[in-house]
Each structure stands twice: as C-alpha cells, then as structure tokens.
Amino acid sequence: MAVNSRLSGLKDLSISERRARVADSTAVEPTSLEVLDPEHGLTIEQADHMVENAVGVIGIPLGVATNFTINGRDYLVPMATEEPSVIAAASNAARIARGTGGFATSTTEPLMRAQIQVVDVADPRAARLRLLEARDELIALANEQDPQLVRFGGGARDVAVHVVDAPAGTYVVLHLIVDVRDAMGANAVNTMAEAVAARIGEVAQGRSLLRILSNKADLRLCRARAVFDADALGGAEVVDDIVHAAALAEADPYRAATHNKGIMNGITAVVLATGNDTRAVEAGAHSHAVGPDGRYTSLSHFEKDADGNLVGALELPMAVGLVGGATKVHPVARAAVALLGVATARELGEVITAVGLAQNLAAVRALATEGIQRGHMSLHARNVAVTAGATSEELPLVVARLTADRAVSGDHAAKILAEVRAGRRENAR
Ligand SMILES: CC(C)(COP(=O)([O-])OP(=O)([O-])OC[C@H]1O[C@@H](n2cnc3c(N)ncnc32)[C@H](O)[C@@H]1OP(=O)([O-])[O-])[C@@H](O)C(=O)NCCC(=O)NCCSC(=O)C[C@@](C)(O)CC(=O)[O-]
Ligand SMILES: NC(=O)C1=CN([C@@H]2O[C@H](COP(=O)(O)OP(=O)(O)OC[C@H]3O[C@@H](n4cnc5c(N)ncnc54)[C@H](OP(=O)(O)O)[C@@H]3O)[C@@H](O)[C@H]2O)C=CC1
C-alpha cells in the first residue's frame with residue numbers, strides 16, 4: 001500500500017488517535033504499534049541481554065515526522081529525541097519541500113573500512129607494495145571469516161595501504177574495504193580485520209597492532225538534495241539570507257559546529273529510533289565535515305537556483321544497518337523500522353539523510369527570519385511548565401501564557417502557575 005505522509009493536524013490528535021492515523025496511512029497493523037507503550041517496550045530482561053550491569057531502561061520520546069516525499073515515495077519517519085521542536089521542524093521543512101517534489105537521494109555502495117596498523121617496519125614504503133601484491137590472498141582470507149555476508153552479496157572487496165608518519169613512529173596501515181550490505185558492519189569488519197592481521201604483519205615484516213573499523217566511512221556516502229520554493233520560504237530575501245547563513249557555516253567553524261548540530265538533530269533521532277549506533281554516525285559525520293585543507297566546515301550547502309528558489313544539498317557517511325546491532329533486538333526499533341517501511345540499509349540511510357537536510361533547512365530558515373526562540377521555545381514551554389509543577393490539567397493554560405508573554409522561563413512559569421491556582425481557589429469560593 002502507498003504511504004501518505006501528508007498528515008495535517010496530527011499534532012492536534014490524542015496519542016491513540018495519532019497511532020490509528022499513522023497505521024491507517026502506512027502498511028503497519030495498528031496492534032504492532034502497541035509496543036510503543038512504555039509498559040510494552042523494552043523489558044528489563046531484554047535490556048539485561050543488551051548491556052552490562054543493567055539496572056533499568058530509560059524512555060526517550062518517539063514521534064513521527066510527517067510530509068516526507070523521497071524519490072517520489074512518501075515516508076512517515078520515526079524520530080527518537082528528547083528535544084522539543086525537532087520533529088515539528090523536520091515536518092515543517094518536509095512540507096515545504098513536498099511542494100517542489102520532495103527530496104532526491106542517492107548513495108554509494110555500502111563499503112566500510114577496517115584499519116590494521118603494523119608497527120616496527122624497517123621499510124614502510126616497500127612494505128606497502130608487498131601488501132598490495134598480496135591483495136587477492138588477503139581478500140580471500142578475510143572472506144573466509146563471513147561466508148554468510150558473502151552469500152548475501154557482500155564481503156571484502158579491496159585493500160588500500162597508507163604509510164602514516166606519527167610522533168611515535170612510522171606505521172603501515174592497511175585498509176580492508178568490505179561491502180557490508182544491510183549491516184552497519186562493525187562486527188563483521190572487525191572479525192575480518194582480526195583474522196587477517198597476523199598475515200598482514202608477516203607480509204609487512206612488522207608487528208600488527210590495532211585491528212578495528214574506521215568510523216570515517218567515506219566510501220559509504222549518502223546524499224540528499226531538495227528545492228525549496230522561495231515564496232513558501234517567505235520570499236526572495238529569505239532565500240538570500242539562508243544562503244548567507246549557510247555561507248557563514250562554510251567559512252566559520254564556530255558556526256559550522258552549530259549548523260551541523262542542527263543537521264544531527266534529525267539524523268541522530270532516526271538513527272536512535274531504528275536501533276542504530278548514534279556514535280558511529282556522528283563520528284562519521286563530523287570527520288566528513290573536515291575538508292582536505294583540515295578545516296571543520298558545514299556538511300550541507302545552500303544556493304539559489306536559476307528560478308530564485310533555494311536548493312539544499314547534504315552529503316555524509318551513513319553507517320546504518322537493518323540487521324545486527326540493536327535493530328533486530330529492540331522491540332521499539334523493530335516497530336520503527338516497520339513503520340518506516342524501508343527494505344535495505346541503503347534506503348534507510350537515504351531517508352536519514354533527507355531528514356538531516358530538512359532539519360537543517362528548518363533551523364536555518366528560523367534563524368534567518370524570526371529567530372529560533374519563537375518556534376522552539378513555544379514547544380519547549382511544555383517542559384518548562386511541567387518542571388514548574390503544572391499538572392496535565394494546568395499545562396495548556398500555563399503554556400499558553402508562557403508563549404503569549406514571550407518569556408519561557410522557570411520563574412515565570414512558577415508565577416503563572418501560582419496565579420492559575422489562586423484563580424481556581426477564588427472560583428471555587
Ligand atoms: C517549530 C516550527 C515548526 C513552528 O513553525 P510554524 O510556522 O509556527 O508552524 P505552523 O503551525 O505554521 O506549522 C507548519 C508545519 O510545521 C509542522 N508543525 C508545526 N508545529 C508542530 C507541532 N507542534 N507538532 C508537529 N508538527 C508541527 C507541521 O508539519 C505543520 O504543518 P501541518 O502538517 O500542520 O500542515 C518552526 O518554527 C521551525 O521549524 N523552527 C525550527 C526549530 C528547530 O530547528 N528546532 C531544533 C532545536 S534548536 C537547535 O538545536 C538547532 C539550531 C537551531 O541551533 C541549529 C542551527 O543553529 O542551525
Ligand atoms: N567503531 C564502531 O562503530 C563499532 C561499533 N560496533 C557495534 O557493531 C554493531 C554493528 O555491527 P554489525 O556487523 O552490523 O552487526 P552484526 O555482526 O550483528 O551483523 C552483521 C552480520 O549479519 C549477517 N547478515 C544477515 N543478513 C545480512 C545482510 N542482508 N547484509 C549484511 N549482513 C547480513 C552477516 O553474517 P552472520 O549472520 O554470519 O553474522 C553479517 O556479518 C553495532 O551494535 C555497533 O554499535 C562494534 C564495534 C565498534
């Protein structure tokens with residue numbers, strides 16, 4: 001069944017109505033969403049199998065971003081985040097992009113690198129060539145470790161050898177390049193790296209030391225682009241100002257870090273919801289943000305097209321999988337993947353990248369126009385009101401006053417709450 005992600009007004013429904021609407025708009029059975037209730041989610045027994053010294057589980061809100069069209073197909077995107085306004089912002093930008101066809105994405109092959117470091121090599125440059133001569137033997141040896149991966153069409157594909165001059169010595173570092181198919185790949189690649197390390201040491205005539213995947217997954221890139229209509233963004237000046245905002249992020253690492261954090265607001269939320277390794281994706285992203293000149297810069301680019309519309313583009317490494325890790329173990333992650341309806345790790349990566357671009361556009365548009373506080377703080381007001389002690393009944397009143405007063409602070413919430421309660425006592429008399 002074709003998904004319809006244009007669910008206007010989803011925010012105004014109760015949670016059970018929202019779930020019914022989401023199930024109705026996708027191919028998932030409504031009962032499969034029951035696992036999203038905390039009492040039906042990850043059990044302490046399951047947690048105990050996942051990590052060491054487990055003593056509990058922590059709940060993170062899971063929401064659904066609406067309006068996404070990617071390569072002509074609609075997706076409702078599960079996002080796990082503790083931060084208000086993130087899911088609203090992604091949905092907002094996806095709604096704007098939808099008017100001009102949505103997001104177009106592409107990806108490279110799912111190639112990961114493992115590094116095998118060799119120390120104490122007398123002739124590092126000659127050792128590099130000896131290792132390249134042994135390429136076929138090393139690939140065959142690595143592939144013996146994971147016949148299952150090879151059966152799925154993956155496996156070791158190539159080697160590259162770097163000579164690295166470091167303060168404590170010169171190292172020969174062999175990169176084993178592995179097609180990991182639908183896995184994130186760290187376990188698969190690390191097993192291979194450990195298995196071939198001794199032979200690599202022999203060929204290089206040194207001692208093999210580290211044998212571990214590189215999170216700079218620069219051979220496994222995902223890309224997303226979209227056109228955002230100038231009028232829908234607020235006009236030609238808004239387009240120009242977004243281009244200025246993005247240009248600052250390209251030139252200034254202080255701004256780039258925040259700009260990229262905005263991208264990761266979306267990316268990490270989908271990575272977490274689907275049970276993938278957030279640290280691996282974040283490490284990949286930030287390493288990709290360092291250009292050939294060694295400068296940290298923005299991951300995305302915004303420019304104006306010939307029609308005066310804004311064009312956004314994002315490219316980053318995307319080491320995510322649909323098998324392995326917590327994806328198959330965590331019941332909520334399984335439900336999130338089913339809801340998203342992706343068939344391959346590549347498709348998952350492309351959706352995540354589109355969400356990153358949408359998130360970035362929403363934040364930069366807010367910054368280039370009214371500022372971040374109106375949209376973000378009005379949604380954050382709920383947290384502030386709850387922290388001040390508002391009950392579910394008092395919450396709408398306190399949030400409405402906080403937003404109207406444009407003063408979203410704990411002190412002000414406490415003052416409003418006192419007034420609301422005094423008013424109630426007065427009415428009760
Ligand atoms: C917050 C909005 C979306 C309000 O924006 P708005 O224009 O007031 O919203 P609207 O009421 O006109 O609604 C527009 C659409 O937004 C979505 N939407 C709107 N509200 C909701 C909601 N409550 N729940 C769910 N969805 C919502 C929804 O899709 C809706 O369309 P509909 O489907 O209803 O026809 C806007 O101001 C925005 O996009 N702001 C950006 C917020 C943001 O980026 N937050 C991230 C946290 S700040 C940060 O960490 C990063 C940063 C900013 O530092 C990065 C950087 O510096 O680059
Ligand atoms: N630096 C890092 O980022 C590190 C991350 N990790 C962790 O590693 C985990 C991910 O490792 P990963 O290797 O993905 O997990 P798994 O080892 O659990 O899964 C990969 C394995 O799944 C099997 N498989 C089944 N179907 C497929 C398919 N369609 N495509 C590919 N493989 C398939 C393969 O063989 P088989 O059935 O024989 O296993 C493959 O080796 C995450 O938990 C991550 O946090 C670990 C160390 C370091």
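Conventions used here
Residues numbered from 1 in each chain as written. Chains lettered and ligands numbered in written order. Predicted model: local features only at pLDDT ≥ 70, side-chain atom pairs only at ≥ 80, totals over all residues. Heavy atoms only, no water. UniProt positions renumbered as here; feature names shortened; annotations may be inferred. Helix = DSSP H or I, 4+ residues; strand = E, 2+ residues; numbered from the N terminus. Buried < 20%, exposed > 50% of the residue type's maximum accessible area, 1.4 Å probe, protein only. Lys, Arg positive; Asp, Glu negative; His and termini not counted. Charge placed at Lys NZ, Arg CZ, Asp CG, Glu CD. Pairing = 2+ DSSP bridges. Phe/Tyr/Trp six-rings, centres within 6.5 Å; stacked < 30°, edge-to-face > 60°. Near = heavy atom within 4 Å. Polar contact = N/O pair within 3.5 Å; in protein donor to acceptor, adjacent residues only side chain to side chain. Areas by Shrake-Rupley, 256 points an atom, 1.4 Å probe, with all protein chains shown as cover. Nonpolar A, V, L, I, M, F, W, Y, C, P; charged D, E, K, R; others polar. Domains from an automatic or database assignment. Salt bridge = Lys/Arg side-chain N within 4 Å of Asp/Glu carboxyl O. Axes fitted to C-alpha atoms, helices over the stretch in contact; angles between N-to-C directions. Contact = heavy atoms within 4.5 Å.

Per an unreviewed UniProt entry, the protein is named 3-hydroxy-3-methylglutaryl coenzyme A reductase, and its organism is Marinitenerispora sediminis. If you open the UniProt record of the protein and go to Catalytic activity (unreviewed entry), you find "(R)-mevalonate + 2 NAD(+) + CoA = (3S)-3-hydroxy-3-methylglutaryl-CoA + 2 NADH + 2 H(+)". Recorded in UniProt under Pathway (unreviewed entry), the annotation for the protein is "Metabolic intermediate metabolism; (R)-mevalonate degradation; (S)-3-hydroxy-3-methylglutaryl-CoA from (R)-mevalonate: step 1/1."

A. Broad picture of the overall build of the protein. Within the protein, the secondary structure is distributed over 16 helices and 10 strands. Seen through its C-alpha atoms, the protein measures out along the principal axes to roughly 90 × 55 × 45 Å. For the protein, the residues scored as buried account for 48% of the 429 residues in total. For the protein, the distance from the average site of its 41 positive side-chain charges to the average site of its 51 negative ones is 2 Å.

B. Representation of the pairing of strand S10 (residues 310-317) in the model. In terms of burial, S10 is largely enclosed, as six of its eight residues are buried. As defined by bridge partners, strand S8 (residues 221-228) adjoins S10 across eight bridges and the pair is classed as antiparallel. Residue pairing across strands places Ala 226 opposite Gly 312, the latter belonging to S10. Between the antiparallel neighbours strand S9 (residues 300-304) and S10 lie five residues, among them Gly 308 with a positive phi of about 85°.

C. Structural context of the packing of aromatic side chains. Here the structure, examined in full by the defined rule, presents two aromatic pairs. Here the aromatic rings of Phe 68 and Phe 103 are separated by 5.5 Å at their centres, their planes lie at 25°, and the arrangement is stacked. In this pair, Phe 68 is assigned in strand S1 (residues 62-70) and Phe 103 in strand S3 (residues 103-107), connecting sequence segments 35 residues apart. Each member of the pair, Phe 68 as well as Phe 103, is classed as buried. Relative to Phe 228, the ring of Phe 103 has its centre 6.3 Å away and its plane inclined at 75°; by these criteria the two rings are edge-to-face. Highlighted residues: Phe 103 in strand S3 and Phe 228 in strand S8, separated in sequence by 125 residues.

D. Just the site of ligand 1, in detail. Lining the immediate surroundings of ligand 1 are 27 residues, of which Arg 6, Ser 85, Arg 255, Lys 261 and Arg 374 lie closest. A distance of 3.0 Å is found between an oxygen atom of ligand 1 and a side-chain nitrogen or oxygen belonging to Arg 6. A distance of 3.3 Å separates an oxygen atom of ligand 1 from a polar side-chain atom of Asn 67. Coverage of ligand 1 by the protein chains reaches 78% of its 1100 Å² of free accessible surface. At the level of secondary structure, the elements contributing two or more residues to the shell around ligand 1 comprise helix H3 (86-98), helix H10 (253-273), helix H13 (345-368) and helix H14 (373-387). Its residues placed into classes, the shell around ligand 1 shows seven nonpolar, 12 polar and eight charged. For the shell around ligand 1, the two domains that each supply at least three residues are domain 1 (10-108 + 223-370) and domain 3 (374-428).

E. Main features of the domain arrangement of the protein. Domain boundaries assigned for the protein yield domain 1 (10-108 + 223-370), domain 2 (111-214) and domain 3 (374-428). Relative to domain 3, the C-alpha centre of domain 2 lies at a distance of 58 Å.

F. Just the pattern of salt bridges, in detail. Evaluated as defined, the whole model comprises 26 salt bridges. Linking Arg 223 and Glu 315 is a salt bridge whose minimum nitrogen-to-oxygen distance equals 2.8 Å. Separated by 92 residues along the polypeptide, Arg 223 in strand S8 and Glu 315 in strand S10 bring together distant segments of the chain. On the accessibility criterion, Glu 315 (27% relative accessible area) is partly exposed. Asp 405 is paired through a salt bridge with Arg 401; the nearest N and O atoms lie 3.5 Å apart. Residue classification places Asp 405 among the partly exposed positions, given a relative accessible area of 34%.

G. The site of ligand 2, seen in detail. Neighbouring ligand 2 are 21 residues; Asp 146, Asp 182, Gly 185, Asn 215 and Asp 277 lie closest to it. For ligand 2, a nitrogen atom lies 3.0 Å from a polar atom in the backbone of Asp 182. Measuring from an oxygen atom of ligand 2, one finds a backbone N or O atom of Asn 187 at 3.0 Å. Within the complex, 71% of the 930 Å² of free accessible area of ligand 2 lies under protein. Listed by contribution, the elements that provide at least two residues to the shell around ligand 2 are helix H6 (147-151) and helix H7 (186-204). For the shell around ligand 2, the leading source of residues is H7, giving four residues. Looking at side-chain class alone, the shell around ligand 2 contains 10 nonpolar, seven polar and four charged residues. There are two domains that each give the shell around ligand 2 at least three residues, and those are domain 1 (10-108 + 223-370) and domain 2 (111-214).

H. Local environment of the sheet that holds strand S7 (residues 207-214). Strand order across the open sheet formed by four strands is S5-S6-S4-S7, with antiparallel pairing between neighbours. The outermost strands of the open sheet, each flanked by one partner alone, are strand S5 (155-166) and S7. Along the sheet, successive strands turn relative to each other by an average axial angle of 20°, direction set aside. Where helix H5 (residues 135-143) meets the sheet, its contacts fall on S5 and strand S6 (169-179), and the angle it forms with S5 comes to roughly 120°.

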